[in-house]
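Read off the chains here:
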Amino acid sequence: MNTVEKGNLFENKAYLLLEKAIQNQDLGILANQAKMRKKPKYFSNERKSNITFDLSIEIWTPNAKNYILLYLIECKSYSRKIPVDDVEEFHRKITQVSGINAKAVFITDSTFQVSAFEFAKSNGMMLIQTDQDNYNIILHKTKRDSNSEIKDKLLQSLDNEKLFIEMQMNSLFSNLFTTNEENLNGLDFLSVEDIENITENILNDFDSSILKDFKGIDIDKFISFLNHKYKIDFDLSADIGEDLNKKRILASLDLSANKISLDHTLAYTDRMPFFLMHELGHYFLHKKVKINQRAYDNFKDSVYDFENSKFKLENLKNWLEWQANQFAISLLLPKKSLIIRLIEYQTHIGILRNLGKLYVDDQKVNRADYRNILEHLSKLFGVSYVNLKYRLQSLGLIIDNRAKPRFDWSNIIKD
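Residues numbered from 1 in each chain as written. Predicted model: local features only at pLDDT ≥ 70, side-chain atom pairs only at ≥ 80, totals over all residues. Heavy atoms only, no water.

(A) Region of interest: the overall build of the protein. Check the secondary structure of the protein and you find 15 helices and 15 strands. For the protein, the proportion of its 415 residues judged to be buried stands at 46%. Expressed as a percentage of contacts within the protein between residues at least 6 apart in sequence, the contacts between residues at least 24 apart total 61%. Working note: accessible area of the protein is about 21900 Å², and carbon and sulfur atoms make up 46% of it. (Helix = DSSP H or I, 4+ residues; strand = E, 2+ residues; numbered from the N terminus. Buried < 20%, exposed > 50% of the residue type's maximum accessible area, 1.4 Å probe, protein only. Contact = heavy atoms within 4.5 Å. Areas by Shrake-Rupley, 256 points an atom, 1.4 Å probe, with all protein chains shown as cover.)

(B) Focus on the side chain of Glu321. Tracing the backbone shows Glu321 in helix 12 (residues 316-332). Within the structure, the side chain of Glu321 is placed 3.0 Å from the side chain of His278, a separation counted as a polar contact. (Polar contact = N/O pair within 3.5 Å; in protein donor to acceptor, adjacent residues only side chain to side chain.)

(C) Up close: helix 15 (residues 385-394). Inspection of helix 15 places Asn387, Leu388, Lys389, Tyr390, Arg391 and Leu392 among the buried residues, and these make up the whole buried set. Of the residues trailing helix 15, Gly396 is marked for its positive phi of about 70°.

(D) Focus on the packing of helix 7 (residues 192-206) against helix 9 (residues 219-230). Closest axis-to-axis distance for the helix 7/helix 9 pair is 11 Å, and the angle between their directions is 95°. Here helix 7 lies roughly perpendicular to helix 9, going by the angle between them. On helix 9, the residues touching Ile202, Asp205 and Phe206 of helix 7 are Lys221, Phe222, Phe225, Lys229 and Tyr230. Partitioned by chemical class, the residues of the contact of helix 7 with helix 9 number 5 nonpolar, no polar and 3 charged. (Axes fitted to C-alpha atoms, helices over the stretch in contact; angles between N-to-C directions. Parallel < 35°, antiparallel > 145°, perpendicular 65-115°, else oblique. Nonpolar A, V, L, I, M, F, W, Y, C, P; charged D, E, K, R; others polar.)

(E) Region of interest: the sheet that holds strand 9 (residues 233-238). Taken in spatial order, the 3 strands line up as 9-11-10 in an open sheet, and their pairing is mixed. The open sheet has two edge strands with one neighbour each: strand 9 and strand 10 (251-254). Each strand of the sheet is rotated relative to its neighbour by a mean of 15°, with strand direction disregarded. In this structure, strand 10 lies alongside strand 11 (residues 259-263), joined through 4 bridges in antiparallel fashion. Opposite Ala251, over in strand 11, you have Leu262 as the bridge partner. (Pairing = 2+ DSSP bridges.)

(F) Main features of the pattern of salt bridges. The full count for this structure, using the stated rule, is 12 salt bridges. Note that Asp54 is salt-bridged to Lys39, the shortest N-O span being 3.7 Å. Here Asp54 is found in the loop between strand 3 (49-52) and strand 4 (55-59), whereas its partner Lys39 is found in the loop between strand 1 (34-38) and strand 2 (41-44), with 15 residues between them in sequence. Using a relative accessible area of 41% as the deciding quantity, one classes Lys39 as partly exposed. Each of Glu11, Lys39 and Asp54 takes part in salt bridges that share partners, so that together they form one network. (Salt bridge = Lys/Arg side-chain N within 4 Å of Asp/Glu carboxyl O.)

(G) Inspection of the sheet that holds strand 6 (residues 102-108) at higher detail. Read from one edge to the other, the open sheet built from 6 strands follows the order 1-4-5-6-7-8, with strand pairing classed as mixed. In the strand order of this sheet, the two ends are held by strand 1 and strand 8 (134-139), each with one partner. On average, adjacent strands in this sheet sit at an angle of 25° to one another, irrespective of strand direction. As paired elements, strand 4 and strand 5 (residues 69-76) share 5 bridges and run antiparallel to each other. By the bridge assignment, Ser56 is partnered in strand 5 with Leu72. Sheet strands in contact with helix 1 (residues 3-23) are strand 1, strand 4, strand 5, strand 6, strand 7 (126-131) and strand 8, and its direction is about 175° off that of strand 1.

Honestly, it's all geometry; don't read function into it.
Structure follows, in structure tokens:
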């Protein structure tokens with residue numbers, strides 16, 4: 001068997017395995033909207049001609065005139081490890097295909113050089129290894145850590161390792177958590193993708209049409225669902241009181257009573273959904289975590305690092321609050337739904353440049369388009385401007401070339 005025949009045979013095998021992965025929902029793709037192609041061609045602006053890929057998966061919404069998302073797939077059957085040069089070359093081809101939202105997928109029956117794996121990881125690629133009739137997605141989902149790895153994982157996941165050394169790790173854990181080591185059970189150091197998966201499962205359980213139709217949550221129906229399934233009580237017109245700094249408390253979770261309370265000033269405003277989902281984040285992610293409340297309250301709130309475009313996670317309070325924020329925003333604005341609706345509306349109003357990203361600069365027309373799109377998506381998903389911009393920014397979907405960016409991160413909920 002020559003090299004070409006061997007390559008074609010492996011591509012056919014990869015095609016069948018990816019079909020199986022789609023049906024199993026392991027790729028985060030809805031089977032009824034996925035179209036797989038062999039030897040597809042996509043136009044390169046640099047070459048002014050087409051580039052042929054091994055395989056592709058196009059994502060089509062109902063009645064769409066064109067696909068809105070694209071998975072481009074490279075298949076390699078080697079007796080040696082996949083070199084970094086192959087991964088870099090594939091990445092260069094991906095970047096030449098413009099005007100689309102493309103996800104790079106590299107599938108092989110071999111293994112990867114360390115440098116190849118790190119390059120793929122840095123550039124957001126999906127890596128899949130095959131073995132006979134099975135597949136293993138080795139770079140896509142993050143597995144949860146066991147309790148024996150929690151402290152090491154914490155140092156890896158937070159921004160400033162030196163800070164935690166200075167705070168003395170053992171002291172931090174003994175102060176924040178009750179002294180019984182078993183109380184660390186249930187404390188999961190979750191990635192963004194872990195939280196996205198959790199919220200998608202909740203949404204599918206509540207109403208599977210939400211993710212299929214790319215729509216927002218009906219808050220009243222969602223509250224009824226949570227009350228029926230999880231026996232959570234809700235008080236949406238409470239007067240919770242003030243914290244130690246005489247600051248009005250707008251939302252609270254009482255695990256002993258299985259109750260979430262929202263201050264009456266939030267009732268059915270555009271701020272209400274985020275506060276509600278934030279407390280649900282604590283309920284679903286942290287209800288097994290036993291915390292020394294005094295130590296927790298003494299930690300400072302997180303601040304936004306504009307240079308690196310993310311919140312600084314300098315203590316465990318920051319980390320837990322970030323998880324609750326991420327849970328809330330992922331539940332209200334599912335990633336795929338938001339991107340699809342953004343592209344759909346951009347196409348509708350004739351904005352074909354930077355599809356899938358929100359562009360703004362100091363030109364009047366671009367500022368008007370920016371506000372128009374935000375208004376549309378804000379109403380569509382029933383969220384506030386601030387929450388919507390936070391989600392778009394955290395997903396890297398805002399290109400802000402204004403002389404003085406006007407996004408105020410101080411409005412994002414911290415607790």
